[in-house]
Amino acid sequence: MATNTPDRTRVRLADISSRAYEHPADRGALVALRSLRGFDEVFKRLSGLFNERALRLMFLASAVRVSEQQFPDVHNYVRDAAYVLDLDEVPELYVQQNPKPNAMAIGSQRPFIVMTTGLFNLLEAEEQRFVVGHEVGHILSGHAVYRTMLLALIRLAARVAWIPLGYIGLRAIVTALEEWYRKSELSCDRAGVLAAQDPDAAKRALMKMAGGSRLVEMNPDSFLEQAAEYDRGGDARDSMLKILNLVGHTHPFAVIRMAELDRWIKDGSYQRIIDGEYLRRGTDRDASVGEEARNAANSYRESWERTADPLIGTLRDVAGSAADAGGKLFDTVADRWKSAGRRENGGESGNRS
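These numbers were taken from a predicted model, which means no experiment stands behind them.

So, how was this worked out
- Residues numbered from 1 in each chain as written.
- Predicted model: local features only at pLDDT ≥ 70, side-chain atom pairs only at ≥ 80, totals over all residues.
- Heavy atoms only, no water.
- Pairing = 2+ DSSP bridges.
- Helix = DSSP H or I, 4+ residues; strand = E, 2+ residues; numbered from the N terminus.
- Phe/Tyr/Trp six-rings, centres within 6.5 Å; stacked < 30°, edge-to-face > 60°.
- Buried < 20%, exposed > 50% of the residue type's maximum accessible area, 1.4 Å probe, protein only.
- Lys NZ or Arg CZ within 6 Å of the ring centre and 35° of its normal.
- Expected span 1.5 Å × (residues − 1).

Student: I'm lost on the sheet that holds strand β2 (residues 92–96) in this one. Help?
Tutor: What holds strands together in a sheet is hydrogen bonding between their backbones, with the strands either parallel or antiparallel. If you trace the four strands from one edge of the open sheet to the other, you get β1-β2-β4-β3, paired in mixed fashion. Sheet topology places β1 (64–65) and β3 (103–106) at the edges, where each strand pairs with a single neighbour.

Student: Mind showing me how you'd approach the pairing of β3 here?
Tutor: Bridge analysis of β3 against strand β4 (residues 112–116) gives four bridges, and the strand direction is antiparallel. The residue of β4 that forms the bridge with Ala103 is Met115. Where β3 folds back onto β4 in an antiparallel hairpin, the turn is made up of five residues, including Gly107, whose phi is positive at roughly 100°.

Student: Looking at this model, I keep getting lost on unusual backbone geometry. Mind explaining?
Tutor: Most peptide bonds are trans, and most residues other than glycine sit at a negative phi. One non-glycine residue, Phe71, lies in the positive phi region at around 45°. For Gln197, which is not glycine, the phi torsion reads 55° and is therefore positive. For Gln197, the position within the fold is in the loop between α8 (164–196) and α9 (199–211).

Student: Where do I start with the packing of aromatic side chains in this structure?
Tutor: Between two aromatic rings, the relevant description is the distance of the centres plus the angle of the planes. The full count for this structure, using the stated rule, is seven aromatic pairs. Between Tyr94 and Phe112 the ring centres are 5.7 Å apart and the planes differ by 80°, which places this aromatic pair in the edge-to-face class. Of this pair, Tyr94 sits in strand β2 while Phe112 sits in strand β4, and the two are 18 residues apart along the sequence. Pair check on accessibility: Tyr94 and Phe112 agree, each one buried. Directly above the aromatic system of Tyr83 lies the positively charged group of Arg12, at a separation of 4.5 Å from the ring centroid. If you follow Arg280 out to its NZ or CZ, it ends over the ring of Tyr278, 3.8 Å from the centre.

Student: When you look at helix α4 (residues 72–84) in this model, what are you seeing that I'm missing?
Tutor: Along an α-helix, residues three or four positions apart point the same way, because every turn accommodates 3.6 residues. The first and last C-alpha atoms of α4 sit 18 Å apart over 13 residues, in line with the 18 Å expected at 1.5 Å per residue. Restricting attention to buried positions, one finds in α4 the residues Val74, His75, Tyr77, Val78, Arg79, Asp80, Ala81, Ala82 and Val84. Positive phi shows up at Asp86, right after α4, with a value of about 60°.

Treat this as a map of the structure, not an account of what it does.
Quick look at the structure:
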């Protein structure tokens, strides 16, 4: 097992909670799910349907596992990210021959990372660090378990597509999960910056994922202007097309990721965490489901207030009441689960962090 010792001085974020960097919509969903007694165990059993062991064996047989002898630089990036984000165990990383740029964190019992050669060859060293930190963020947040549920439901929806009512119900759930999935990607872009501690490298990586390797031909300010133009849209028809374009997509578009990350850095959130102002894991069990639900709804309201999109502008008044109603609803559900947990344990709290 590798030790998580850094190659150079970076700020170690000791005992950092994943809530410190998670997007409010991602954090709200995760806190709600974690608060339901036994819910995480059910999902972990569900993930067994995809046989995590079989997947690891497949990559062990068909890809290259990084180590001090194989892709030693990438091995150092994983080790350093584990050190900075304070993971006890350094996850395995496999480099897979595949021209499509991609990386993913797989598994819940013993998570590991896969990076394709398409992405490896596209990025320079510090940009690779950002991507590795992004995937380590997924592991720290525990996203893999809930992503497994999304994959299972997508497959189930495809099988019952011939049953109109069943498919519509599942499609609604899948759509909601896809929205959460996209927000989880924004969370882990932040984790990637925290791990690499090089915001410019993160931005370069996102630009390359959109436009390829010829970075000299691209400009960060112009790329951000694309995001602003996309946000403005044209009329209501463009607004509807943007919504339809997201159907089936689990990742936000590159310009959106760039704009969201740039905003998070510029508002001081990144520097505050580097300076030591962040949530610790010991406080996770005290996280309020209702408060996080309100934070999630408020984050949507704030994004709607910033946008120039004509359709979203008509929905702004709804967001405030949704924030309060959603928070109260989740508070009620969480209290009932906690009460049930105490009864089952003879008065002992059944809440899980």
